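Observations on chain architecture
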Amino acid sequence: MTQWPSRVTTAVLLGGIFLVAACSGSAPPESKDSALNRTDVTSAKTGNDAETDRLLGRVNLPVPDWLPKHFPLPDDLRIYSKTEVGSVPPAHQLQARTLTSQGDIRDAIVKWGLDTDIKVEEVSDLRGMLILAISGGGFGGASSVQIVDDPRGNRRIILTLQDAS
């Protein structure tokens with residue numbers, strides 16, 4: 001049996017906690033700016049039709065204030081959950097769906113990390129799930145992005161950011 005690094009295990013466990021936490025959109029440390037200036041990942045053009053709703057869902061929450069400035073998200077992103085856990089240090093999670101490929105999302109996040117001097121490291125590429133660890137720039141602990149292929153033909157993004165201690 002392959003043993004996961006403790007960072008990935010912590011991210012997965014924290015992700016489970018986020019699934020049961022209440023939704024909110026609070027602002028975190030000053031090192032992060034509003035997501036209004038974020039950079040979008042280019043994605044396939046999708047219309048607002050029944051097929052898009054079937055693949056991405058109808059829920060589309062606004063981008064949370066705690067999302068880092070210029071964090072790359074696909075144009076067709078549909079956020080269906082955003083959570084904040086009152087842990088020490090505080091942690092935040094966003095869950096969304098997209099039709100954009102894993103590779104395009106990964107490449108945009110790695111470029112964002114290089115542009116902002118934040119370490120983004122591919123820690124696991126399991127069958128259908130890509131995990132990127134994020135550290136530096138005010139982030140630590142269980143900060144990660146999981147990009148999961150869904151059998152329906154979309155991708156699920158689970159972004160977990162924990163403030164540095």
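Quick note: structure is the one above.
Keep in mind the model is a prediction, meaning the values are calculated, not measured. (Residues numbered from 1 in each chain as written. Predicted model: local features only at pLDDT ≥ 70, side-chain atom pairs only at ≥ 80, totals over all residues. Heavy atoms only, no water.)

For the rest of this paragraph, the subject is the overall build of the chain. Assigned secondary structure in the chain consists of three helices and eight strands. Taken from the N to the C terminus, the helices and strands of the chain come in the order α-β-α-β-β-β-α-β-β-β-β. Looking at the chain as a whole, 45% of its 165 residues qualify as buried. Taking contacts inside the chain between residues at least 6 apart in sequence as the whole, the part at least 24 apart equals 61%. Summed over its atoms, the accessible surface of the chain is roughly 8400 Å², and 52% of this surface lies on carbon and sulfur atoms. (Helix = DSSP H or I, 4+ residues; strand = E, 2+ residues; numbered from the N terminus. Buried < 20%, exposed > 50% of the residue type's maximum accessible area, 1.4 Å probe, protein only. Contact = heavy atoms within 4.5 Å. Areas by Shrake-Rupley, 256 points an atom, 1.4 Å probe, with all protein chains shown as cover.)

Generally speaking, soluble globular proteins have nonpolar side chains that are buried together. Residues Phe-71, Ile-109, Trp-112, Leu-132, Ile-134, Val-145 and Leu-159 are the most contacted members of the largest nonpolar core, which totals 22 residues. Among the elements of the structure, β4 (91-98), α3 (102-116), β6 (129-135), β7 (139-149) and β8 (155-163) are those that each provide at least two residues to this core. Residues within four places of Leu-159 in sequence aside, it is in contact with Trp-66, Leu-67, Phe-71, His-92, Gln-93, Leu-94, Ile-134, Ser-144 and Val-145. (Core = buried A, V, L, I, M, F, W, Y, C linked by side-chain atoms within 4.5 Å.)

Let's shift gears to α3. Over its 15 residues, α3 extends 21 Å from the first C-alpha to the last, a length consistent with the 21 Å expected when each residue adds 1.5 Å. Among the residues making up α3, those that are buried are Gln-102, Ile-105, Ala-108, Ile-109, Trp-112 and Gly-113. Down the axis, α3 shows its buried residues gathered within 140° of arc, on one side only. Projecting away from the buried face of α3 at angles above 90 degrees are the exposed residues Leu-114 and Asp-115. Phi for Asp-117, located one or two positions after α3, is positive at around 60°. (Expected span 1.5 Å × (residues − 1). Arc of directions from axis to C-beta.)

Looking now at the pattern of salt bridges. Following the criterion strictly, the structure yields four salt bridges and no others. Linking Lys-119 and Glu-121 is a salt bridge whose minimum nitrogen-to-oxygen distance equals 3.9 Å. With a relative accessible area of 48%, Lys-119 lands in the partly exposed category. Using a relative accessible area of 32% as the deciding quantity, one classes Glu-121 as partly exposed. (Salt bridge = Lys/Arg side-chain N within 4 Å of Asp/Glu carboxyl O.)

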